[in-house]
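Examining the three-dimensional arrangement
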Amino acid sequence: MADRAARAGGGHLRTALGSLDGSSRFLLLSSFLIPLGSFMVLPFMSVFLHERLGMGLGTVGVVLAAASLVQFSGGVLGGALADRIGLRRTMVAALVIRTAGFAGLLLALHRPSFAVAALLLTCCGAALYLPANKAYLVHGVPDEHRPALLSAGNAALNAGMAVGPLVAGPFVLSAPGALFLAVTALFVLVTAGHARLPPAAGERPGAAAAGPGRGGAVAVLPFAANALAFYLYFHFQHYLAVYAVERASSAFYSVVLLLCFALVIVVQPLASDAIRRMPYPRALALGFLGLAAGMAVLAVGSRPALLVGGALITLGDIVLFLKNDLEALRRGTRSEAVIFGRQRLAAGLGACASGLLGGQLYGLTERGGDTGLFWLLAAAQCLVLPPVLLALRRADAAYDQGHDGPRDGHHSNHSGNSGTHGDHGNHSPDSPDSPDSPDSSDHPDAEGTLSAHDTDRRVPGR
């Protein structure tokens, strides 16, 4: 059964990738090259700022926190800018800013005062780029291909994140000038390639994108679910390093990270269609249970537990992150870039909360002499906090009943390219948009599920 599902997922992925034109293939390649270059530098910034430039650790922490907040929350501005000037122009502008940031790090070797401004520039560029990149990739693509394409992009991103530190590690302190110059040159080439991309087909920069009567309201449940998923996942992201190094070694911690990267690269594209068809409540339950199980296993503290726990957490986040983006776009009434930017903001809020609250919690367990307890408390949060989302789900349902028109924007024109996703004006009684349809998503167990006739919905992926 699982083998048949894997073969079906692989066939769907091959079909989606086979339909790509040259521009989309270049974007997928860029989804590898950009994090490759970025992660040749950014993971080592704390070491560079402290040991090479002599910055105090407290100051380093403040700088990195500010950079992370800019990189996540700036996605909202990136989406709005893409609506205003277009997807291609936004990507090019973002890459110019990011390239300037890496060039600034080169100058910081001689003028250390440039280092913080250069780092913030790279993060500003990242914030502007990602929503436009993902929106360009799915713009005008048939709904059934979107999860596979965005999962392939995410796999490429994770591959770049995994390879970058391995390539750059030996040169960060011994030859940082050559490293920064190489990364700057890579970004110059990538920027030049983006400048040659055609504008997204049918795109109308500056056109009103909000659906009728909605004012571009946020899809509350996917936004909140994404914030909660990132809050819980970043307990693992932030604090596994110190825990794993203490219980095993820094080398073994690297092995755990490589396993997690490999799972995202391999599993997410293959599972994207199954996740697309999964009811939203089931996906949330499955994802948060995966996080809870993984956190609980980490509490054991042995090397096998670190591997198994990391794998379970990664499988949980594969489901959650993809499905939350899918639902945000299915329910949203704005352009893809704006919606991706809002989901990015939710991720930033969750990650920031995890850094603040999780750090206090880890400190308490460390002073108590049992850091394994931290993971048990994190696992308990994975079970206790998600039911709060049920209240938001009921609020969404109440909103739909009290307002005319569909919440998920089936009849709205998200991108100004009407006709791309099918005929929005002709619905048979068998259509899921019809109130007489037996597959209506009003059924609580069918929320976020695609029926056999569901050819008109906007179904993206991560």
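Everything numeric here is computed off the predicted structure, so don't read it as measured data. Sequence positions are assigned chain by chain, starting from 1 and proceeding in written order. Totals for whole chains, interfaces and linings use every residue, but because this is a predicted model, local features are given only for residues with pLDDT of at least 70 and side-chain atom pairs only at 80 or more, for both listing and counting. As a convention, hydrogens and water are excluded, and side-chain values are obtained from all of the structure's heavy atoms.

What follows is about the overall build of the protein. The number of helices and strands found in the protein is 16 helices and 0 strands. Any residue under 20% of the maximum accessible area for its type is buried, any over 50% is exposed, and the rest in between are partly exposed; the area is computed with a 1.4 Å probe on protein chains only. Residue burial in the protein is summarised as follows: out of 462 residues, 52% are buried. We call two residues in contact when some of their heavy atoms are within 4.5 Å. Sequence-distant contacts, at least 24 apart, represent 83% of the contacts inside the protein between residues at least 6 apart. For every accessible area listed, the method is Shrake-Rupley and the probe measures 1.4 Å; residues are considered covered only by the protein chains on display. Surface exposure of the protein reaches about 19,300 Å², of which carbon and sulfur atoms provide 66%. Numbering goes from the N terminus for both helices and strands, where a helix is a DSSP run of H or I of at least four residues and a strand is a run of E of at least two.

Another point: the state of the cysteines. Cysteine sulfur pairs qualify as disulfides if the two atoms are within 2.5 Å. If you walk through the whole model with that rule in mind, you get 0 disulfides. In this structure C123 is a free cysteine whose sulfur lies 7.3 Å from that of C124, the closest cysteine sulfur available. Here C123 falls in the buried class, since its relative accessible area comes to 3%.

Moving on to the packing of helix α8 (residues 146-168) against helix α11 (residues 250-277). Between N-to-C directions, angles cover 0 to 180 degrees, with each direction set by a line fitted to C-alpha atoms, over the stretch in contact for helices. At their nearest, the axes of α8 and α11 sit 8 Å apart, and the two run at 180 degrees to each other. Classified by the angle between their axes, α8 and α11 sit roughly antiparallel to one another. Taken together, the residues of α11 that come into contact with α8 (itself represented by P147, A148, S151, A152, N154, A155, N158, A159, M161, A162 and L166) are L258, F261, V264, I265, Q268, P269, S272 and R276. For the contact of α8 with α11, a count of residues per class yields 13 nonpolar, 5 polar and 1 charged. Should an angle lie under 35 degrees it is considered roughly parallel, over 145 roughly antiparallel, and from 65 to 115 roughly perpendicular; all remaining angles are considered oblique. Residue polarity is assigned by list, with Asp, Glu, Lys and Arg as charged and Ala, Val, Leu, Ile, Met, Phe, Trp, Tyr, Cys and Pro as nonpolar; anything else, Gly included, falls into the polar class.

Here the nonpolar core consists of buried residues drawn from Ala, Val, Leu, Ile, Met, Phe, Trp, Tyr and Cys, with membership extended through side-chain atoms lying within 4.5 Å. Counting residues in hydrophobic clusters, the biggest one holds 53 residues, and the most contacted among them are V41, M45, L49 and L87. Top contributing element to this core by residue count: helix α7 (residues 114-138), with 11 residues. Residues A248, Y253, A299 and L320 belong to the second largest nonpolar core, which totals 42 residues.

This brings us to the packing of aromatic side chains. Here a ring pair, both rings aromatic, is described through the centre-centre distance and the interplanar angle of the planes. Only Phe, Tyr and Trp rings take part, Trp by its six-membered ring, and two of them pair if their centres are within 6.5 Å. Stacked means planes under 30 degrees apart, edge-to-face means over 60, and tilted covers everything else. Counting across every chain of the model gives 14 aromatic pairs. Ring plane angle 85 degrees and centroid distance 4.8 Å describe the contact between F374 and W375, whose orientation is recorded as edge-to-face. There is no split in this pair, since F374 and W375 are both buried. Geometrically, a charge over a ring is one whose NZ (Lys) or CZ (Arg) sits within 6 Å of the ring centre while staying within 35 degrees of the ring normal. The ring of F252 carries the charged tip of R303 above its face, separated from the ring centre by 4.9 Å.

All right, on to the packing of helix α2 (residues 22-38) against α7 then. Viewed as axis vectors pointing N to C, α2 and α7 meet at an angle of 150 degrees, and their least axial separation amounts to 10 Å. Taken together, the axis directions place α2 and α7 in an arrangement best described as roughly antiparallel. The two elements α2 and α7 meet at a crossing, and its hand is left-handed. Only Y129, N133, Y136 and L137 of α7 make contact with α2, whose side of the interface consists of S23, S24, L27, L28, S30, S31 and I34. Looking at the contact of α2 with α7, its residues break down into 6 nonpolar, 5 polar and no charged. Two helices crossing with the near one rotated counterclockwise from the far one by less than a right angle form a left-handed crossing, whereas a clockwise rotation gives a right-handed crossing.

Scored from 0 to 100, pLDDT records how confident the predictor is in each individual residue. When pLDDT is averaged across the protein, the result is 78; 76% of the residues are at 70 or more. When pLDDT is averaged over each element of the protein, helix α12 (residues 280-298) comes out on top at 96 and helix α1 (residues 2-18) at the bottom at 54. Counting interchain partners and residues more than four positions distant, the pLDDT-below-50 stretch residues 208-215 has 16 contacts. Contacts of residues 448-462 to residues separated by more than four positions or lying in other chains number 74 contacts, the stretch itself having pLDDT below 50.

What follows is about a nonpolar patch on the surface. Surface patches are defined over residues having more than 30% relative accessible area and no salt bridge, joining like charges when they lie within 9 Å and nonpolar side chains (Val, Leu, Ile, Met, Phe, Trp, Tyr) when within 5 Å. One side-chain nitrogen of Lys or Arg within 4 Å of one carboxyl oxygen of Asp or Glu is enough to make a salt bridge. On the surface, a cluster of nonpolar side chains totalling about 210 Å² of accessible area is made up of I265, V266 and L270. Relative to the helices and strands, V266 resides in helix α11. Judged by relative accessible area, V266 falls into the partly exposed class, the value being 49%.

Turning to the environment of R393, a few remarks are in order. With respect to the secondary-structure elements, R393 resides in helix α16 (residues 388-402). In sequence terms R393 and V220 are 173 residues apart; their C-alpha atoms lie 8.5 Å from each other.

Enumeration according to the criterion identifies 7 salt bridges in this entry. The salt bridge involving D273 is made with R276; its shortest N-O contact spans 2.8 Å. With D273 and R276 both in helix α11 and 3 residues apart, the pair spans about one turn of that helix. With respect to class, D273 is no different from R276; both count as buried. Taken together, the salt bridges that share partners define one network made up of D273, R276 and R277.

On to helix α3 (residues 45-52), then. Within the sequence span of α3, burial applies to M45, F48 and L49. Each buried residue of α3 lies within a common arc of 90 degrees when the element is viewed along its axis, so the set occupies one face. Immediately beyond the C-terminal end of α3, within one or two residues, lies G54, with a positive phi of roughly 75 degrees. Working definition: the arc comes from the directions between the helix axis and the C-beta atoms, pointing outward to the latter.

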